[in-house]
Amino acid sequence: MIDIHTHILPGIDDGASDWEETLRLANAAVEDGITAVIATPHHANGKYLNAAHEVKQLAERVDKRLNEEGIPLRVLHGQEIRIHDGLPEAWERGELLSLSGSRYMLIELPSSHIPKSMGELMHELAVLGLVPIIAHPERNSAIARDPRLLEELVMRGAFAQVTSHSLLGGFGRGVERTAWTLCRSGLIHIVSSDAHDTNRRGFKLKEAYQVIGKRLGESYVDYYQSNASRIVSDSPLELTRGESHVKSTSFSRFLRRLIP
Ligand SMILES: [Fe+2]
């Protein structure tokens, strides 16, 4: 299993506080059946700035350390980038990282709304050859109220990542309900842990996939796991549209009729 959204790097955001916690998280990942994680520390969220070169260097150091310790987990580099003014320019200045050097960029929305600038940002990212993956849309209250807001972004080329803890109820019943609704609507393309620590917010990826298998069927598990691998290999992601195992909603069918 591959986990594309984790806060495993030591001491640079609200994830692993130090190297010991990083090692504990790495061992927990291996126990969960994970073979590679992308380290995605917060960037530009108003609290943390973790520039590309520092993250890349630290991820390489952690990867090397795990190798020396005999912990069979690869650590790749990325960032969880909060949508902000000047994001495309920051990419051009080399301050941002995509996920493991791929075309995919992990984008965090504010928790309350979708900024008006999102449409323009998606256009600018497309011009730069980048594809946004929206981190945990189930925790955005505007999307929770109206999942069609996410559907519009997906129809315009974005992908979406749900968090294992959301599916398992770790963020409360409301977020749990939204997470499953988005999965069932075919608006989720990847499942990740967003792991921060070994106490409160570990991986729980295996458990989430088990529940997905039970509730939605094994084809969903294969679909999500395949997309996580495709991110690391920088391959096109499988789309839900046209997939027989994912139900389309009436709104997506309506949009599809408009798009040639
Ligand atoms: Fe995160």
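These numbers were taken from a predicted model, which means no experiment stands behind them.

So, how was this worked out
The residue numbering used here restarts from 1 in each chain and proceeds along that chain's sequence as written. Given that the model is predicted, a residue must reach a pLDDT of at least 70 before its local features are reported, and side-chain atom pairs must reach 80 or more before they are shown or counted; all residues, however, enter totals for whole chains, interfaces and linings. Computation of side-chain values: all heavy atoms of the structure, hydrogens and water removed. Runs of H or I in DSSP of at least four residues are treated as helices and runs of E of at least two as strands, each being numbered from the N terminus. Radius of gyration means the value over C-alpha atoms here, while the globule rule gives 2.2 Å times the residue count to the 0.38 power. Only protein chains enter the area calculation, which uses a 1.4 Å probe; residues under 20% of their type maximum are buried, those over 50% are exposed, and those in between are partly exposed. Two residues form a contact once any of their heavy atoms are found within 4.5 Å. Using a 1.4 Å probe, accessible areas were evaluated by the Shrake-Rupley method; residue-level cover was limited to the displayed protein chains. Under this rule, positive means Lys or Arg and negative means Asp or Glu; His and the chain ends count for nothing. Just so you know, the charge point we use is NZ for Lys, CZ for Arg, CG for Asp and CD for Glu. The donor set covers N, O and S atoms within 2.8 Å of the metal, switching to 3.2 Å for Na, K and Ca, and it leaves out water, so a site may look short of donors. Think of it this way: with four donors and all angles in the 85 to 135 degree range, the site is tetrahedral; with four or six donors, opposite ones beyond 155 degrees and the rest between 65 and 115, it is square planar or octahedral; otherwise it is irregular. For this analysis, a salt bridge means a side-chain nitrogen from Lys or Arg found within 4 Å of a carboxyl oxygen belonging to Asp or Glu. Strand pairing requires that DSSP identify at least two bridges connecting the strands. Only the stretch in contact is used when a helix axis is fitted, and all axes are lines through C-alpha atoms; the angle between N-to-C directions ranges over 0 to 180 degrees. By convention, the crossing between two helices is left-handed when the near helix turns anticlockwise from the far helix through less than a right angle, and right-handed when the turn is clockwise. Each residue is assigned to one class: nonpolar for Ala, Val, Leu, Ile, Met, Phe, Trp, Tyr, Cys and Pro, charged for Asp, Glu, Lys and Arg, and polar for all the others, Gly among them.

Q: Looking at this model, I keep getting lost on the overall build of the protein chain. Mind explaining?
A: Within the protein chain, the secondary structure is distributed over 11 helices and nine strands. On C-alpha atoms alone, the protein chain measures out to a radius of gyration of 17 Å, which is about the 18 Å that the 2.2 N^0.38 rule sets for 260 residues. By principal-axis analysis of the C-alpha atoms, the protein chain measures approximately 55 × 45 × 30 Å. Taken across its 260 residues, the protein chain has 54% of its residues classed as buried. Counting contacts in the protein chain only where the partners sit at least 6 residues apart, residues at least 24 apart contribute 76% of the total. Entry remark: accessible area of the protein chain is about 11600 Å², with carbon and sulfur atoms responsible for 48%. The protein chain carries 30 positive and 34 negative side-chain charges, and their two centres are separated by 7 Å.

Q: Explanation requested: the coordination of the iron ion in the structure shown.
A: For a metal with four tetrahedral donors the ideal donor-metal-donor angle is 109.5 degrees, while six octahedral donors give ideal angles of 90 or 180 degrees. Coordination of the iron ion by the protein is provided by His5 (NE2), His7 (NE2), Glu80 (OE) and Asp194 (OD), with metal-donor distances spanning 2.0 to 2.2 Å. If you look at the iron ion, its four donor atoms make angles of 83 to 172° with each other, and the shape they trace is irregular. We note that the donor set of the iron ion lies within a single chain, spaced as H-x1-H-x72-E-x113-D. Taken together, the positions of histidine 5 in strand β1 (residues 2–6) and glutamate 80 in strand β5 (residues 80–82) put the pair 75 residues apart, joining distant regions of the chain. Overall, glutamate 80 belongs to the buried group, its relative accessible area being 1%.

Q: So what exactly am I meant to see when it comes to the pattern of salt bridges here?
A: Side chains that carry opposite charge are capable of pairing whenever their charged atoms lie near each other. Inspection of every chain in the model, using the stated rule, returns 10 salt bridges. Residue arginine 24 is joined to glutamate 21 by a salt bridge in which the shortest nitrogen-to-oxygen separation is 2.8 Å. With a gap of three residues between them, arginine 24 and glutamate 21 both fall in helix α1 (residues 19–31), about one helical turn apart. A residue is classified by how much of its surface remains accessible, and arginine 24, at 42% relative accessible area, is partly exposed. A salt bridge links aspartate 146 to arginine 148, with the shortest nitrogen-to-oxygen separation between them at 3.2 Å. Aspartate 146 sits in the partly exposed class, given a relative accessible area of 24%. Overall, the relative accessible area of 44% leaves arginine 148 in the partly exposed class. Because the salt bridges share partners, they merge into one network encompassing Arg139, Asp194 and Arg201.

Q: Please explain the pairing of strand β6 (residues 104–108) as it appears in this structure.
A: Where a strand is regular, its side chains alternate between the two sheet faces. For β6, the buried fraction is high: five of the five residues fall into the buried class. Burial of the side chains of β6 extends over both faces: Tyr104, Leu106 and Glu108 are buried on one face and Met105 and Ile107 on the other. Pairing analysis gives three bridges linking β5 to β6, with the strands arranged parallel. Paired with glutamate 80 across the strands is leucine 106, a residue of β6. Strand direction decides the pairing type here: β6 and strand β7 (residues 131–135), joined by four bridges, are parallel. Following the sheet pairing, leucine 106 is matched in β7 by isoleucine 133.

Q: What's the story with the packing of α1 against helix α2 (residues 52–69) in this structure? I'm lost.
A: In a pair of packed helices, the angle between the axes and the distance between the axes together describe the arrangement. Where α1 meets α2, the axes come as close as 11 Å, and the angle between the chain directions of the two elements is 65°. Remark: the crossing between α1 and α2 carries right-handed chirality. Across from Trp19, Thr22, Leu23 and Ala26 in α1, the residues of α2 making contact are Leu58, Arg61, Val62, Arg65, Leu66 and Glu69. Residues that form the contact of α1 with α2 fall into these classes: six nonpolar, one polar and three charged.

Q: Mind showing me how you'd approach the environment of proline 110 here?
A: If you trace the backbone, proline 110 turns up in the loop between β6 and α4 (118–127). The buried category is assigned to proline 110, whose relative accessible area is 13%. Along the backbone, proline 110 and arginine 184 are 74 residues apart, and their C-alpha atoms lie at a distance of 23 Å. Proline 110 has contacts with Arg82, Ile83, Pro115 and Asn140, leaving out every residue within four places of it along the chain.

Q: Would you explain the environment of alanine 39 in this entry?
A: Mapping alanine 39 onto the fold places it in strand β2 (residues 36–39). For alanine 39, a relative accessible area of 0% translates into the label buried. As for alanine 39 and histidine 7, which are separated by 32 residues in sequence, their C-alpha atoms are 5.8 Å apart. Not counting the four nearest positions on each side in its chain, alanine 39 is found in contact with Thr6, Ile8, Leu9, Val75, Leu76, His77, Gly78 and Gln79.

Without other data, these values stay purely geometric and don't point to any function.
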